[in-house]
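Single-letter residue listing:
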Amino acid sequence: MVRKIRAAMAGALSVFLLVASIVPAHAAEQLVPQLGHGAGVAAAIFSPDGQFVLSGSWDNTARLWHAASGREIRRFEGHGSDVNGIAFSADGRRLLTASDDRTARMWDITTGQEVRRFTGHDDTVRAVGLSPDGRFVLTAGDDDTARLWDPATGREIRRFTGHDDWVRAVAFSPDGRSLVTASDDKSLRLWDSATGGEIRRFNGHSDYVLAVAMSADGRWVLSGGKDRTVRLWDAASGLEIRVIGRHDGPVNSVAFAPDGGAVLTGSDDKTARLWNSASGQETRRFEGHFGQVKSVSFSADGRSVLTASVDRDIRMWDAATGRETRRFKDAESNMNSVSFSPDGRFLITGSDENTARHWDAATGREVRRFTGHAGNVNAVEPSADGRWLLTGSADKVARLWDATTGREIRRFDGHTDWIRGVALSRDGVWALTGGDDHTARLWDAANGREVRRFDGHTDWVRSVALSPDRRWALTGANDKTVRLWDAATGREIRRFDGHGMAVLAVAFSPDGRSVLTGSRDRMVRLFDASTGREVRRFEGHGGHVMAVAVSADGKRVLTGSGDGTARLWEAATGRELRRLEGHSGDILAVAFSPDGRSVLTGSNDQTARLWDAATGRERFRLSGFGDGEWMVIGEDGRFNGSDGVERYLSLSDGLTARPFGPSDRVRWRHAPTGGGAPTPATAVVVPAPAPVPPPVAERPPTPQPLPPVATSPAFTGPRQALVVGIDAYRAVEPLTRAVADARALAARLRAQGFAVNEVLNPGRFALNQAVAAFAAGIERGALALVLFAGHGVEIAGSNLLLPADFPDITNMPADVAERLARSEALELSRLIGDIAASRPRYLLALVDACRDNPLARPGGRSIGATRGFTRLPDPVAETTIVFSAGPGEKALDRLPGADGNPNSLFMRHFLREIAAPGVTFDAAVRSTARAVVEDARRVNHSQRPAIQAQIYDDIVLTGR
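Only a predicted model underlies this, so the values are computations on that prediction, with no experimental measurement involved.

**Regarding the overall build of the protein**
Point 1. Secondary structure summary: the protein contains seven helices and 72 strands in total.
Point 2. The buried share of the protein, taken over its 960 residues, is 60%.
Point 3. As displayed, the protein offers around 36300 Å² of accessible surface, 48% of which is attributable to carbon and sulfur atoms.

**Looking at the sheet that holds strand β56 (residues 598-603)**
Point 1. Spatial ordering of the open sheet is given by β55-β56-β57-β58-β59-β60, a layout of six strands whose pairing is antiparallel. Only two strands of the sheet have a single partner each, and these edge strands are β55 (587-592) and β60 (639-641). Strand-to-strand twist of the sheet, defined as the mean angle between neighbouring strand axes without regard to direction, takes the value 20°.
Point 2. One ladder, built from five bridges, connects β56 with strand β57 (residues 608-612); its direction is antiparallel.

**Some points on the side chain of Thr601**
Point 1. With respect to the element layout, Thr601 can be found in strand β56.
Point 2. At a separation of 2.8 Å, a polar atom in the side chain of Thr601 contacts the side chain of Trp611.
Point 3. Leaving out residues up to four positions away in the same chain, Thr601 has contacts with Val338, Ala566, His583, Ile587, Ala589, Val590, Thr607, Ala608, Arg609 and Trp611.

**Observations concerning the environment of Ala817**
Point 1. Locating Ala817 in the fold gives a position in helix α4 (residues 814-824).
Point 2. With relative accessibility at 0%, the residue Ala817 sits in the buried group.
Point 3. Separated by 10 residues in the primary sequence, Ala817 and Pro807 place their C-alpha atoms 10.0 Å from one another.

**Side note on the packing of aromatic side chains**
Point 1. This structure, assessed with the given rule, holds 15 aromatic pairs.
Point 2. Their ring planes at 65° and their centres at 5.7 Å tell us that Phe412 and Trp443 sit as a pair that is edge-to-face. With Phe412 in strand β38 (residues 408-413) and Trp443 in strand β41 (residues 440-444), this pair connects stretches of sequence that are 31 residues apart.
Point 3. Note on Phe412: relative accessible area 1%, which makes it buried.
Point 4. Note on Phe496 and Phe527: the rings are 5.4 Å apart at their centroids and 55° apart in plane angle, and the pair reads as tilted. Linking Phe496 in strand β46 (residues 492-496) with Phe527 in strand β49 (residues 524-528), this pair joins segments that are 31 residues apart in sequence.

**Points about the pairing of β38**
Point 1. Inspection of the sheet shows strand β37 (residues 397-402) paired to β38 by five bridges, in the antiparallel sense. Looking at the pairing, Arg399 lines up with Arg411 of β38.
Point 2. Count of turn residues in the β37/β38 antiparallel hairpin: five residues, of which Gly406 carries a positive phi of about 80°.

**Structural notes on the packing of helix α2 (residues 738-751) against helix α6 (residues 905-914)**
Point 1. Running from N to C, α2 and α6 cross one another at 5°; their axes reach a closest spacing of 11 Å. When the axis of α2 is compared with that of α6, the two are roughly parallel. Residues Asp741, Ala744, Leu745 and Arg748 of α2 touch α6, and the partners they reach there are Met907, Phe910, Leu911, Arg912 and Ile914.

**Concerning the side chain of Asp184**
Point 1. Structurally, Asp184 can be placed in the loop between β16 (178-183) and β17 (187-192).
Point 2. Within the structure, Asp184 has its side chain in polar contact with the side chain of Arg168 (distance 2.8 Å).

**As for the pattern of salt bridges**
Point 1. According to the stated counting rule, one finds 64 salt bridges in the structure shown.
Point 2. Across the salt bridge formed by Arg189 and Glu198, the nearest N and O atoms sit 3.2 Å from each other.
Point 3. Since its relative accessible area comes to 5%, Arg189 is described here as buried.
Point 4. Asp385 is paired through a salt bridge with Arg387; the nearest N and O atoms lie 3.3 Å apart.
Point 5. When salt bridges with common partners are traced through the structure, they connect Asp248, Asp269, Arg273, Glu282 and Arg285 into a single cluster.

**Considering the sheet that holds strand β3 (residues 41-46)**
Point 1. Spatial ordering of the open sheet is given by β3-β4-β5-β6, a layout of four strands whose pairing is antiparallel. Two strands bound the open sheet, and with one partner strand each, they are β3 and β6 (72-77). Averaged over all neighbouring strand pairs, the angle between strand axes comes to 20°, with direction disregarded.
Point 2. Pairing geometry for strand β4 (residues 52-57) and strand β5 (residues 61-66), over five bridges, is antiparallel. Of the residues in β5, the one forming a bridge with Phe52 is His66.

**Observations concerning α6**
Point 1. Along α6, nine of the 10 residues are buried, which leaves the element largely enclosed by surrounding structure.
Point 2. Every buried residue of α6 is accounted for by Leu905, Phe906, Met907, Arg908, His909, Phe910, Leu911, Glu913 and Ile914.
Point 3. Elements in contact with the buried residues of α6: α2, β66 (783-789), β70 (842-848), β71 (879-883) and α7 (921-938).

**Some words on α4**
Point 1. Of the residues making up α4, those classed as buried are Ala814, Ala817, Glu818 and Ala821. One side of α4 holds all its buried residues, which, seen down the axis, span an arc of 100°.
Point 2. On the buried face of α4, the contacting elements are β67 (792-795) and β68 (798-801).

**Some words on the pairing of strand β36 (residues 388-393)**
Point 1. With six of six residues buried, β36 lies mostly within the body of the structure.
Point 2. Side chains Trp388, Leu390 and Gly392 of β36 all project onto a buried face; the interleaved residues Leu389, Thr391 and Ser393 project onto the opposite face, where all are buried too.
Point 3. Of the strand pairs in this sheet, strand β35 (residues 377-382) and β36 are connected by five bridges, and their pairing is antiparallel. By the bridge assignment for β36, Ala379 is matched with Gly392.
Point 4. Joining the antiparallel neighbours β35 and β36 is a turn of five residues, in which Gly386 adopts a positive phi near 80°.

**Quick look at the nonpolar core**
One broad rule of soluble globular proteins: the nonpolar side chains tend to lie buried together.
Point 1. Counting residues in each nonpolar core, the largest one holds 79 residues, and the members touching the most others are Leu745, Ile835, Phe910 and Phe921.
Point 2. The element contributing the most residues to this core is β66, with seven residues.
Point 3. If we skip the residues at most four places from it in the chain, Ile835 touches Phe774, Ala775, Ile778, Ala784, Val786, Pro840 and Leu843.

**Details of the environment of Ala742**
Point 1. Of note, Ala742 is situated in helix α2.
Point 2. For the pair Ala742 and Asn903, spaced 161 residues apart in the sequence, the C-alpha separation amounts to 9.3 Å.
Point 3. Residues contacting Ala742, with those up to four places away along its chain left out, are Val723, Val724, Gly725, Leu760 and Leu787.

**Focus on unusual backbone geometry**
Point 1. For Lys186, which is not glycine, the phi torsion reads 75° and is therefore positive.
Point 2. Residue placement: Lys186 occurs in the loop between β16 and β17.
Point 3. Although it is not a glycine, Asn761 adopts a positive phi angle of roughly 55°.
Point 4. As for its position among the elements, Asn761 is in the loop between β65 (755-760) and α3 (764-776).
Point 5. Judged by its relative accessible area of 30%, Asn761 falls in the partly exposed class.

**Points about the confidence of the model for the protein**
Point 1. Predicted confidence across the protein gives a mean pLDDT of 86, with 88% of residues reaching 70 or more.
Point 2. When the criterion is pLDDT under 50, residues 1-27 qualifies, and its contacts beyond four places in sequence or with other chains add up to 93 contacts.
Point 3. Counted against residues more than four places away or in other chains, residues 857-868, with its pLDDT under 50, gives 42 contacts.

**Observations concerning the packing of α3 against helix α5 (residues 828-836)**
Point 1. Across the interface, α3 lies against α5 with an axial gap of 8 Å and an inter-helix angle of 25°. Taken together, the axes of α3 and α5 lie roughly parallel to each other. With respect to the hand of their crossing, α3 and α5 are arranged in right-handed fashion. Where α3 abuts α5, its residues Asn768, Val771, Phe774 and Ala775 lie against Arg830, Leu831, Asp834 and Ile835.
Point 2. Of the residues that constitute the contact of α3 with α5, the class distribution is five nonpolar, one polar and two charged.

Analysis parameters
- Residues numbered from 1 in each chain as written.
- Predicted model: local features only at pLDDT ≥ 70, side-chain atom pairs only at ≥ 80, totals over all residues.
- Heavy atoms only, no water.
- Helix = DSSP H or I, 4+ residues; strand = E, 2+ residues; numbered from the N terminus.
- Buried < 20%, exposed > 50% of the residue type's maximum accessible area, 1.4 Å probe, protein only.
- Areas by Shrake-Rupley, 256 points an atom, 1.4 Å probe, with all protein chains shown as cover.
- Pairing = 2+ DSSP bridges.
- Axes fitted to C-alpha atoms, helices over the stretch in contact; angles between N-to-C directions.
- Polar contact = N/O pair within 3.5 Å; in protein donor to acceptor, adjacent residues only side chain to side chain.
- Contact = heavy atoms within 4.5 Å.
- Phe/Tyr/Trp six-rings, centres within 6.5 Å; stacked < 30°, edge-to-face > 60°.
- Parallel < 35°, antiparallel > 145°, perpendicular 65-115°, else oblique.
- Salt bridge = Lys/Arg side-chain N within 4 Å of Asp/Glu carboxyl O.
- Arc of directions from axis to C-beta.
- Core = buried A, V, L, I, M, F, W, Y, C linked by side-chain atoms within 4.5 Å.
- pLDDT = per-residue confidence, 0-100.
- Left-handed = near helix turned anticlockwise from the far one by under 90°.
- Nonpolar A, V, L, I, M, F, W, Y, C, P; charged D, E, K, R; others polar.

Next up, the structure:
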């Protein structure tokens, strides 16, 4: 088959480095920060005795939790990439993990030590299991094979070949004599464990089979797939017994209740569901996750249920009531950005809890907090004189702060989506920002005014930099490009080609002559800034390169990656000098100290870490939390922190965990630091740097004037619109906001110079008449815009728009009803085709008809798809079609609760976006889509507006 491509530091530190003779009072205990997983959780299961929960995550770790308290007991670290699968031995003394690093590993649950490694797979290992008698380990993965191993030696015993696509899941029969595999080739297969021979094949899924389980008596096989179905099979015959149920997204995990009377499933639709095995009826739904549910499991007594999600949460539920009883979650404090103050006295972090912080570089203590953002702080940069701090956030705002007081000085408002990167010119005159609205913007730091916009990227701008002489702006984006811009004119000067995936990080060398880039393609590249020629590559990372930096002397390069490592390289040769290992998640940010002797890294494992650049030794790690608490943990395992930080700490002595108490703070507190502190005889004291006077706040220098922002001109030809809104349906469910949407858009378009034909609640004849009249009246070279807001249904690949007098056909035979529906409704492709045939210069179509199918009926065959429209064939040239929701999704008219907005979710955002001066239609639609996705996500709903575009010009609606 064709294989699928898988998708301060100026001198030294003043910190006591305690040696072995100084140990905690309870030597057997370990301090365990309660930070949780730093990435999505792929799997979670109960231990056989129910005392523990084991989880595996895309942060490269597995973790053991105390089930009763929810406290983390131990981490199992060592995998070089995502942990996809986990399993316990029958006695609970060993556990297994499977990883993207192509290995499976066995661990001792008491010590956390790796005791065996299973190597041989040629690609990702997705699933792992242990035979009931403990004699065999079973693995499967993306090399299309399953393999049996000897757990005592790690030797491969047998290989099961026959699948011609990834093997996603495995399960042993209760007696261990057979095993079943699930594959992306749409089949399940039963194999003889002793011979490796295929016994039986289960065919029926119409897409990838993602999950499999066997009943406790071995009679039944349960499967879930990308086709959204859950299926029950007879293990003896291979016959499908029933389709137990359907989710609204791919089914990622399935499990039998211990007594076999119920089955549990988890899906991309963010729910887990309980079904009756015999009837196939859904009996309970477990809702609350904000991301796809990747794993479900039962406790041994069947009374509790576990779910794990890409939202990083593991939740325990009461199986009988559906009530959530416990959550094993992350601290939601990713360290997204890091830096040093110019004098090296402070470490700077920006994190998920909407906060930037200054930390003492000698002790790790929090010094100052910068609060005010309403979203994650994604980027931080101090001014060259240390007086100011610039931050960029998911709240779409950049802010300038007084670094000595923490007071906000100025806001930079204008981005319409998350800000991902920020930079300050060395003289403090200019601030540069880049974000998810596909733009980078230059601002006057003295007054917050936008002076230049850099347009051209077609996807998120992930990173920005200013050249030392502030003549050039540098941007890297998800569109795989790195671009150099003239800061004075906004003109694109050059592109640096070579990366095959999104560019996540960019930086200038200190002299501005070189450009350094990092990408999802795992590559780091160095370019000549003046020619665009690639000079050097730095190869070796096993994951996305998410951060890059160049030392002040230009001799070394620092990179951070999704493989959990930061690496130091020799800039002149590309040779790897040192590897910094210890983070349990992606490294999101890196920085050199001003003197180059220390390195700071930030990760989604909720920590920032300070390292000795010469030895690679970790000095201490920092964590900050949304409630204002903070802590620093030294290399000796002791800690310091705010008064209430104990809630984020536990003490573990093997397989128990207990809360951290007041007396423990004394025993485990980090030794005193700073001048005048008592020095233990065995401690090594590194002198503190000479004190530096605090910077004096003053106004940034007045900038030189630059030319005004360049924007695309407004469309100057005829503007014509047909706006249709239908609430008053006579035979199907009425709507409440479609007419309001039509009226509001008509008013906005008239204000922007459109001749608008507003048609409200038309029947079939009136609707067809309006379309025909509009098409016939389109002027040469016109911009035509069409809105249909009302009910629609997809039948056999055709998207039908329903008029107000559409009849009740729900009681007719399905084939008759579908024929009648086609004759009584207006087909969307005909609407588009009739108008396009009149040859407008551009045609923009908005379709807000992706609601629940008004023709659905209980029992029997439904008329049309459950909800939403299907994708149309690519539209004709100079046409863009925008659907308020993606295929198979429901568009929300209102948000749950007291939603007083008179317009639907899509229209309220679109009306706001198209009113912005100089905004292009494309930018308005994409900003609308992002806002809709975010609002829907907050209420546990999936609505992703879909765009089919064949227009490549910028169309500006405001102005003439």
